[in-house]
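Results of the structural survey
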Amino acid sequence: MKILSVLFSAVLFSLSLSAQAGPLIIKYSHVVADSTPKGQAALKFKEVAERLLPGKVEVQVFPNSQLFGDGKEMEALLLGDVQILAPSLAKFGKYTKKVQIFDLPFLFDDIDAVGRFQNSDKGRELLTSMADKGIIGFGYIHNGMKQFSANKPLRTPADAKGLKFRIQASDVLEAQFKAVDANPQKIAFAEVYQALQSGVVDGAENPWANIYTKKFHEVQKYITESGHGVLDYMVIANDQWWNGLPDDVKKGLSEAMTESIAYGNKVAQDEDMAFRQKVIDDKKAKLIKLTKKERAQWRDAMKPVWTKFEADIGKDLIDAAVAANDKPAKHKKSEHKHSEKK
């Protein structure tokens, strides 16, 4: 009887702790504004996850590097201090060299080509390429193609010579700017505005959403519409944390993740040109549009970077990315009919 009494008390104590525990707290940290595609995707994840799992989860979203800056967030994820991140793809170089493919300059013609590659078998394989490092990926969020900015006009590669450009911590991006005799400087995203304003760096590369929401156009005289690279994100979680979740919670979070990523990409598609127009309307930075010849000069100058990193990334991946630039046959047919009507 005494043993039964002890066991009964232990069960009651366990139930009491469970009742006091409350919902599972999920910290979703990122370094950009709520109004960006990534920020909107994070808020959508919170909304959907808490609706699908009422009382079981509480998602806390921390934008603008409130919790961790982009130099510390990956370490925080692996330590369990945060559960979900959406780092830019440039952040994964130390965990897998293959993801460096997204940093290669002038590899993708446009954001549609990026999407076709990411949704291909090769692109999806990258989501699980860091499982042995404790990282699991769920999908990609677009933020648009990157544009050069500086305090002098950038029309040809020669214009970048000697200038200091802020980059993310990426060996590929470092090589990209060295290819045009510029000086890359690795600076945390939260410090970019001040670095541009104070002249610590002369220029940067960002998509329109970041340029406008972080007011970079207010501290740069010129923006060159180069579309030379992509700044996308991979939504990730700590693999051990994820695999330790109950099946019903994992199912609900997976659904919320799928819906939030799709929502973030729709926001990116809808708002990319809107942010571009806002930058133009502010009239604080002059927009430079490259001719086909000028863009070809930039591409030719930076394309050797592909060869430099081919062994790390894999020729098969690079070939798959180049193939993604080919539009589906139905799109080509539609464009042909459209041109015949003109």
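Nothing here was measured: the structure is a model prediction, and the numbers come from that model. (Residues numbered from 1 in each chain as written. Predicted model: local features only at pLDDT ≥ 70, side-chain atom pairs only at ≥ 80, totals over all residues. Heavy atoms only, no water.)

Notes on the overall build of the chain
Inclusion rule: Strands here are runs of E lasting at least two residues and helices are runs of H or I lasting at least four, both read from the DSSP assignment and numbered beginning at the N terminus. Burial here depends on accessible area, computed with a 1.4 Å probe over protein chains only, as a share of the maximum for the residue type. Under 20% is buried, over 50% is exposed, and the range in between is partly exposed. Residue contacts are defined here by distance: any two heavy atoms, one from each residue, within 4.5 Å place the two residues in contact. Each accessible area value is a Shrake-Rupley result obtained with a 1.4 Å probe; residue values ignore everything except the protein chains displayed when judging cover.
Of the regular secondary structure elements, the chain holds 15 helices and eleven strands. Here the chain, with 342 residues, has 49% of them falling under the buried criterion. In the chain, 75% of the contacts between residues at least 6 apart in sequence involve partners at least 24 apart. Total accessible area on the chain is roughly 16600 Å²; 53% of this is exposed by carbon and sulfur atoms.

Topic: the pattern of salt bridges
Stated precisely, the cut-off is as follows: Think of a salt bridge as a Lys or Arg side-chain nitrogen and an Asp or Glu carboxyl oxygen that are within 4 Å of each other.
Evaluation of the coordinates by the stated rule reveals 17 salt bridges. Close ionic contact of Lys178 with Glu174 constitutes a salt bridge, the shortest N to O distance being 3.3 Å. Highlighted residues: Lys178 and Glu174, both in helix α6 (residues 171-178), separated by four residues, approximately one helical turn. The network of salt bridges with shared partners includes Asp171, Glu174, Lys178 and Lys186.

Observations concerning the confidence of the model for the chain
Operational definition: pLDDT is a per-residue confidence score from the predictor, ranging from 0 to 100.
Looking at the chain as a whole, the pLDDT averages 90, with 90% of positions reaching at least 70. Across residues 1-20 the pLDDT falls below 50, and counting only partners more than four positions away or on other chains, this stretch makes zero contacts in the model.

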